[in-house]
Amino acid sequence: MIELDEESGLDLAKQLENVDPTPAIIFATAYDEYALQAFEANTFDYILKPFDEKRIEKMLDKFMNLQKIVKEEMPPANELTTDYNGRFPIIVDERIVLLSQDEIIYLETSDGKVKIKTINHEYKVDETLVSLEKKLHSKKFLRVHRSFIVNMEYIAEIQPWFNSTYNLVMKDQSKVPVSRTYVKDAKPVAFGAMLVECIVAVMALVAAVSLEPADYFAINSSPEKYAELGMEPVHLAHLEDEVNMDLEGRKGGAVTLAVGMTYIFKAVPIFENLAAYFYQFVILFEAVFILTAIDAGTRTARYLIQDFFGNFIKPLKRMDSIWANITASAIACFAWGYLLFSGDISSVWALFGVSNQLMASIGLIIGATVILKIADKRWYMLTCLIPLIYLYVTVNVAGFWMIKNVYLNSANAGYNVINGVLSVIMLVLGIVIMVSAITKWAQLWKIPQPELVKRSKSEVA
Amino acid sequence: MIKMLTAYIVDDEPLARDELKYLLHRTKKVKVLGDSDNMEEAIADIIILKPDLVFLD
């Protein structure tokens, strides 16, 4: 069929004329009524289905002969398009402007012209996006949409949009859509990031199990509780000496990970005297990790603030307005600050823990849904469901315990209504997500697996 | 040794794509770089893969 999707093969043939090097186009179709139109569209050949091997051979010979002639007659042209030090010429208002590729933020086609957005200027040029794309030799440029090419160095944020599409926010605050077809190029980046996260998680587990249980509990429980356990620390005193830090009763994962990693690294002969260095290095590493989480959290908060309060104060909703962005960011930062001010780092830490575990639960819920949609066997879902059950139960039990015994218990030192209310909101949202996920799974479960897999192929970008 | 030609196939029927791929393979003159059933993907691939020939349905 010459009708591919909504657009015809003829349209594609016309578009390919702008591609460099222009490929030879051969229509291979069951219908002969388009032959005339096809040849008008600069087609090299037209072969009919069912295919005939001899006919194909003949066509190939013809092509190779032609190629030989073309090569002999046309020496390689001295192109104006080569980049001199990463710059390339564009024609603007009959002048030739040499544009530095590093300054380009993105290119957009509209009304048959291409808009080139640089840090300081906007140029409109009479060229196609395709012909400009081939001039941009740098690997920094990525075609993210039929009408957009972006310089990856200027991508500030990636926002999820409807229907598994995305919006890129560039560093100059302009927005660029990513179409589904091109999302696949952005996917390796996302998967890579997830894999790195997984490696860190595995590292943390390795660090935790490499510690002696007695040492582990000495770090992770208060001295009074530890005394009740009746355990004797094994290497802890020695480790404390080596890293020059107090390690007992240092709850939370950070110290455990640092001690565990130090314990492993110092077993390497050349590192044996570097225990203190490794301990501080891992602590620093975790700090960077947490800062990225806070950074991402602030950005998300900013969007939510802009989106929600923008309903009442219209100018706030404008994502491209730097003042709206700064105001919303300031509110988000103030909210962080207020949480710290109203309690202390350890009370925020517990909240952070709840939100983090809930986020992991959401990740596992999504993972389970994806597996259900694409895997050949349904029980593969258990790879996500088993950790999900453990995680979800522990976070809810711990969250509920904290609310009841600490945040809303006026006799407790950690009494803090805001933290309590925030925890309740988080847990309730967690439950809402869980319930809606289960309803979705129940719906998907009724569809036969082969059908589900087939459907997801067209759905997953 | 003569350089092999490169080709890309656009067709919405998987069977037709396979048939053409097989026939081209048998000629030993063409290497099929890729195939697609939709235009957007095809254009993106063709720009990147730079085939000598494009077979269109």
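Above this text sits the structure in question.
(A) Main features of empty space enclosed by the protein. Throughout the structure, instances matching the rule amount to 2 cavities of 30 Å³ or more. There is about 40 Å³ of room inside the largest cavity. Within the residue set of the lining of the largest cavity, elements represented by two or more residues are strand E1 (5–10), helix H1 (14–27) and strand E3 (53–56) of chain B. The leading source of residues in the lining of the largest cavity is H1 of chain B, at 3 residues. Of the residues assigned to the lining of the largest cavity, the class counts are 8 nonpolar, no polar and 3 charged. Space inside the second largest cavity adds up to approximately 30 Å³. Around the second largest cavity sit Val-19, Asp-20, Val-130 and Lys-134 of chain A together with Ile-47 and Lys-50 of chain B, which together line it. Class assignment for the residues of the lining of the second largest cavity results in 3 nonpolar, no polar and 3 charged.

(B) Layout of the interface of chain A and chain B. Listed by partner, the interface residues are 42 residues for chain A and 33 residues for chain B. When the two sides are added together, the surface that chain A and chain B hide from each other amounts to roughly 3,300 Å², 66% of it contributed by carbon and sulfur. Counting every contact that joins chain A to chain B gives 5 salt bridges. One salt bridge in this structure joins Glu-57 of chain A and Lys-29 of chain B, with 2.8 Å as the shortest N-O distance. Going through the elements one at a time, strand E1 (3–4), strand E2 (7–8), helix H1 (9–16), strand E3 (24–29), helix H3 (53–73), helix H4 (129–135) and helix H5 (180–210) of chain A are the ones with two or more residues in the side of chain A that touches chain B. For the side of chain A that touches chain B, the element with the highest residue contribution is H3 of chain A, accounting for 9 residues. By residue class, the composition of the side of chain A that touches chain B is 23 nonpolar, 7 polar and 12 charged. With 4 bridges connecting them, E3 of chain A and E3 of chain B associate as parallel partners. Following the sheet pairing, Ile-25 of chain A is matched in E3 of chain B by Val-54 of chain B.

(C) Looking closely at the environment of Thr-298 of chain A. Residues and elements named next belong to chain A. Among the secondary structure elements, Thr-298 is positioned in helix H10 (residues 275–309). A relative accessible area of 15% means that Thr-298 is categorised as buried. Each C-alpha atom, one on Thr-298 and one on Cys-333, is 6.9 Å from the other, the two residues being 35 residues apart in sequence. Setting aside anything within four residues of it in sequence, one finds Thr-298 in contact with Ala-332, Cys-333 and Trp-336. Within the structure, Thr-298 has its side chain in polar contact with the side chain of Trp-336 (distance 2.8 Å).

Calculation rules
Residues numbered from 1 in each chain as written. Chains lettered and ligands numbered in written order. Predicted model: local features only at pLDDT ≥ 70, side-chain atom pairs only at ≥ 80, totals over all residues. Heavy atoms only, no water. 1 Å grid on protein atoms, 1.4 Å probe; cavity = no way out; pocket = protein on both sides within 12 Å on 5 of 7 lines; lining within 4 Å. Points joined across faces, edges and corners; volume = space filled by probe spheres on them. Helix = DSSP H or I, 4+ residues; strand = E, 2+ residues; numbered from the N terminus. Nonpolar A, V, L, I, M, F, W, Y, C, P; charged D, E, K, R; others polar. Contact = heavy atoms within 4.5 Å. Buried area = accessible area lost by both parts, 1.4 Å probe. Salt bridge = Lys/Arg side-chain N within 4 Å of Asp/Glu carboxyl O. Pairing = 2+ DSSP bridges. Buried < 20%, exposed > 50% of the residue type's maximum accessible area, 1.4 Å probe, protein only. Polar contact = N/O pair within 3.5 Å; in protein donor to acceptor, adjacent residues only side chain to side chain.

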